[in-house]
Amino acid sequence: QVQLVESGGGLVQPGGSLRLSCVASRRVHSSVSMGWYRQAPGKQRELVAKIRSGRDPTYGDSVQGRFTISRDNAKSAVFLQMSSLKPEDTAVYYCYVLVEGDTYWGQGTQVTVSS
């Protein structure tokens, strides 16, 4: 079992920035996939970004060039730096980690982009 704790969501104006953090309850190997999905009201959950050692990060088309994912393997943590935020980025953001074929999810953190 792995518990994930997210932080950093909130309300931001269009064009602003936010940084999300997610920490796992136990050590996870750098080779496992960690990342972020999001879900807006009435929409399906979609990939935002994912990262694992030895591979380039993967980004969803709608966030490419605006969001940056990073990872601290020593802390089993993953981060999402979000810039140039748009109202359509409003959603609940979920952290995940894939360990031995099982996907573990965080509780979600709300990001609202509004003036």
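Structural data are supplied above this passage.
Calculation criteria
- Residues numbered from 1 in each chain as written.
- Predicted model: local features only at pLDDT ≥ 70, side-chain atom pairs only at ≥ 80, totals over all residues.
- Heavy atoms only, no water.
- Disulfide = S-S within 2.5 Å.
- Helix = DSSP H or I, 4+ residues; strand = E, 2+ residues; numbered from the N terminus.
- Buried < 20%, exposed > 50% of the residue type's maximum accessible area, 1.4 Å probe, protein only.
- Salt bridge = Lys/Arg side-chain N within 4 Å of Asp/Glu carboxyl O.
- Core = buried A, V, L, I, M, F, W, Y, C linked by side-chain atoms within 4.5 Å.
- Pairing = 2+ DSSP bridges.
- Axes fitted to C-alpha atoms, helices over the stretch in contact; angles between N-to-C directions.

J.: When you look at the state of the cysteines in this model, what are you seeing that I'm missing?
T.: Put plainly, a disulfide is one covalent bond tying together the sulfur atoms of two cysteines. According to the stated counting rule, one finds one disulfide in the structure shown. Each disulfide pairs two cysteine sulfurs, and for Cys22 the partner residue is Cys95, the sulfurs being separated by 2.0 Å. Between Cys22 and Cys95, the S-S torsion sits near -75°, and that sign places the bridge as left-handed. On the criterion of sequence distance, the pair formed by Cys22 in strand S3 (residues 18-24) and Cys95 in strand S9 (residues 91-99) is long-range, its members being 73 residues apart. Across the pair, Cys95 and Cys22 agree in class, each one buried.

J.: Looking at this structure, I do not really get the pattern of salt bridges. What am I missing?
T.: Two side chains carrying opposite charge are able to pair once their charged atoms lie near each other. Here the structure, examined in full by the defined rule, presents three salt bridges. With a closest N to O distance of 2.6 Å, Arg38 and Glu46 form a salt bridge. On the basis of relative accessible area, Arg38 is assigned to the buried category, the value being 5%. In this structure, Arg38 and Asp89 form a salt bridge, with 2.9 Å as the shortest nitrogen-oxygen distance.

J.: Would you take a moment to explain unusual backbone geometry for this structure?
T.: Glycine aside, residues mostly have negative phi, and peptide bonds are mostly found in the trans state. Residue Ser84 is not a glycine yet carries a positive backbone phi of 50°. Relative to the assigned elements, Ser84 resides in the loop between strand S8 (77-82) and S9.

J.: Can you walk me through the nonpolar core in this structure?
T.: Nonpolar side chains in soluble globular proteins generally cluster together in the buried interior. Grouped together as the largest cluster of nonpolar side chains are 31 residues, with contacts concentrated most on Trp36, Leu80, Met82, Tyr93 and Val97. Of all the elements in the fold, those that place two or more residues in this core are S3, strand S4 (34-39), strand S5 (46-51), strand S7 (67-72), S8, S9 and strand S11 (109-113).

J.: In this structure, what is going on with the pairing of S7? I would like to understand it.
T.: Side chains on a regular strand alternate between the two faces of the sheet. The alternating pattern of S7 places Phe67, Ile69 and Arg71 on a buried face and Thr68, Ser70 and Asp72 on a face that is not buried. Bridge analysis of S7 against S8 gives six bridges, and the strand direction is antiparallel. Following the sheet pairing, Ile69 is matched in S8 by Leu80. Hairpin connection, S7 to S8: the antiparallel pair is bridged by four residues, and Ser76 has positive phi, about 50°.

J.: I tried to follow the sheet that holds strand S1 (residues 4-7) on my own but got confused; where do I start?
T.: One key point about sheets: their strands pair by backbone hydrogen bonds, in either a parallel or an antiparallel sense. Strands sit in the order S1-S3-S8-S7 across an open sheet of four strands; the sheet is antiparallel. Each edge of the sheet is formed by a strand with only one pairing partner; in this case those strands are S1 and S7. Sheet twist, expressed as the average angle between the axes of neighbouring strands with direction ignored, equals 15°.

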